[in-house]
Amino acid sequence: PYAPDQLFAWVEDLDRYPRWLDIVARAVPVEAHPDDEGPAWSVDLRGRLGRLARSKRLRMVRTVHDPPREVRFERREHDGRQHADWVLRASVAPEGGGSRLTMDLHYGGGLIGPVIERLLADEVERSRPRLLGLLAGPADRGDVSGRA
């Protein structure tokens, strides 16, 4: 039920994601590299499946920024090693009196199978009420490090 620019404010910067998306445990801005297309973040991803917990640290760069329609983040490591692709794309479109958020996550490695895909889908569904709650709250763009 929110305007595209209101919703886009919560998806255009990765440092806001830990407040509403549990798999993003931490996202901290880092110094950009000369080859980066935009700002960069160090991102800690965490997931739990039963007693198995995994975490992964990625360096993500915002490669597309088209407010309030689209933002895209891509893994960009500058350590001279080969890394699996990670790409996160968020699209916001007007719909009715509000807007619709569509998020696409691409992982180019070999670890994601049907179980992990289901885990991610469940997390996206759990994140919806948290994001809506943040949108309904005060328009505070200050401290974004804690959870709502």
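A quick note: this is a predicted structure, and the numbers were derived from the prediction, not measured. (Residues numbered from 1 in each chain as written. Predicted model: local features only at pLDDT ≥ 70, side-chain atom pairs only at ≥ 80, totals over all residues. Heavy atoms only, no water.)

1. Description of the overall build of the protein
- Looking only at helices and strands, the protein has two helices and six strands in total.
- Within the protein, the fraction of its 148 residues that count as buried is 36%.
- Across the protein, contacts joining residues at least 24 apart in sequence account for 44% of those joining residues at least 6 apart.
- Of the accessible surface of the protein, which amounts to about 8,900 Å², a share of 51% is contributed by carbon and sulfur atoms. (Helix = DSSP H or I, 4+ residues; strand = E, 2+ residues; numbered from the N terminus. Buried < 20%, exposed > 50% of the residue type's maximum accessible area, 1.4 Å probe, protein only. Contact = heavy atoms within 4.5 Å. Areas by Shrake-Rupley, 256 points an atom, 1.4 Å probe, with all protein chains shown as cover.)

2. Observations concerning the side chain of S127
- Position of S127 among the secondary structure elements: in helix α2 (residues 114-136).
- Owing to a relative accessible area of 4%, S127 belongs among the buried residues under this scheme.
- Here V124 takes part through its backbone oxygen, which lies 2.6 Å from a polar atom of the side chain of S127.
- Dropping the residues within four chain positions of it, S127 is found in contact with W20 and L21. (Polar contact = N/O pair within 3.5 Å; in protein donor to acceptor, adjacent residues only side chain to side chain.)

3. Digging into the pattern of salt bridges
- Summed over the entire model, instances satisfying the criterion amount to 17 salt bridges.
- The closest approach of N and O atoms between D44 and R57, which form a salt bridge, is 2.6 Å. Placement of D44 in strand β2 (residues 40-49) and of R57 in strand β3 (residues 52-66) is noted, with a sequence separation of 13 residues between them.
- According to the relative accessible area criterion, D44 is buried, its value standing at 8%.
- Through salt bridges with shared partners, one network takes in D22, E123, R126 and R130. (Salt bridge = Lys/Arg side-chain N within 4 Å of Asp/Glu carboxyl O.)

4. Things to note about the layout of surface pockets
- One number sums up the size of the largest pocket: a volume of about 1,400 Å³.
- Lining of the largest pocket is provided by 50 residues; of these, L21, I23, L105, L120 and V124 occupy positions nearest its centre.
- Elements that contribute at least two residues to the lining of the largest pocket include exactly β2, β3, β4 (70-75), β5 (86-95), β6 (98-107) and α2.
- The greatest single-element share of the lining of the largest pocket, amounting to twelve residues, is contributed by α2.
- Considering only residue class, the lining of the largest pocket consists of 33 nonpolar, six polar and eleven charged. (1 Å grid on protein atoms, 1.4 Å probe; cavity = no way out; pocket = protein on both sides within 12 Å on 5 of 7 lines; lining within 4 Å. Points joined across faces, edges and corners; volume = space filled by probe spheres on them. Nonpolar A, V, L, I, M, F, W, Y, C, P; charged D, E, K, R; others polar.)

5. Side note on the packing of aromatic side chains
- Applying the stated criterion to the full structure yields four aromatic pairs.
- With centroids separated by 5.6 Å and ring planes inclined at 80 degrees, the aromatic side chains of W41 and F73 adopt a geometry described as edge-to-face. Linking W41 in strand β2 with F73 in strand β4, this pair joins segments that are 32 residues apart in sequence.
- A centroid spacing of 4.5 Å and a plane angle of 45 degrees characterise the contact between W86 and Y107, whose relative ring orientation is tilted. Of this pair, W86 sits in strand β5 while Y107 sits in strand β6, placing them 21 residues apart in sequence. As far as burial versus exposure is concerned, W86 and Y107 are alike and both buried.
- Cluster of aromatic residues (ring-pair linked, three or more members): Y17, W20, W41 and F73.
- Note that R16 overlies the ring of W10, its terminal NZ or CZ placed 3.4 Å from the centroid. (Phe/Tyr/Trp six-rings, centres within 6.5 Å; stacked < 30°, edge-to-face > 60°. Lys NZ or Arg CZ within 6 Å of the ring centre and 35° of its normal.)

6. Focus on the environment of L135
- Among the secondary structure elements, L135 is positioned in helix α2.
- What makes L135 buried here is its relative accessible area of 12%.
- Sequence-wise, L135 and L7 are 128 residues apart; in three dimensions their C-alpha atoms are separated by 7.2 Å.
- Residues within four places of L135 in sequence aside, it is in contact with Y2, Q6, L7 and W10.

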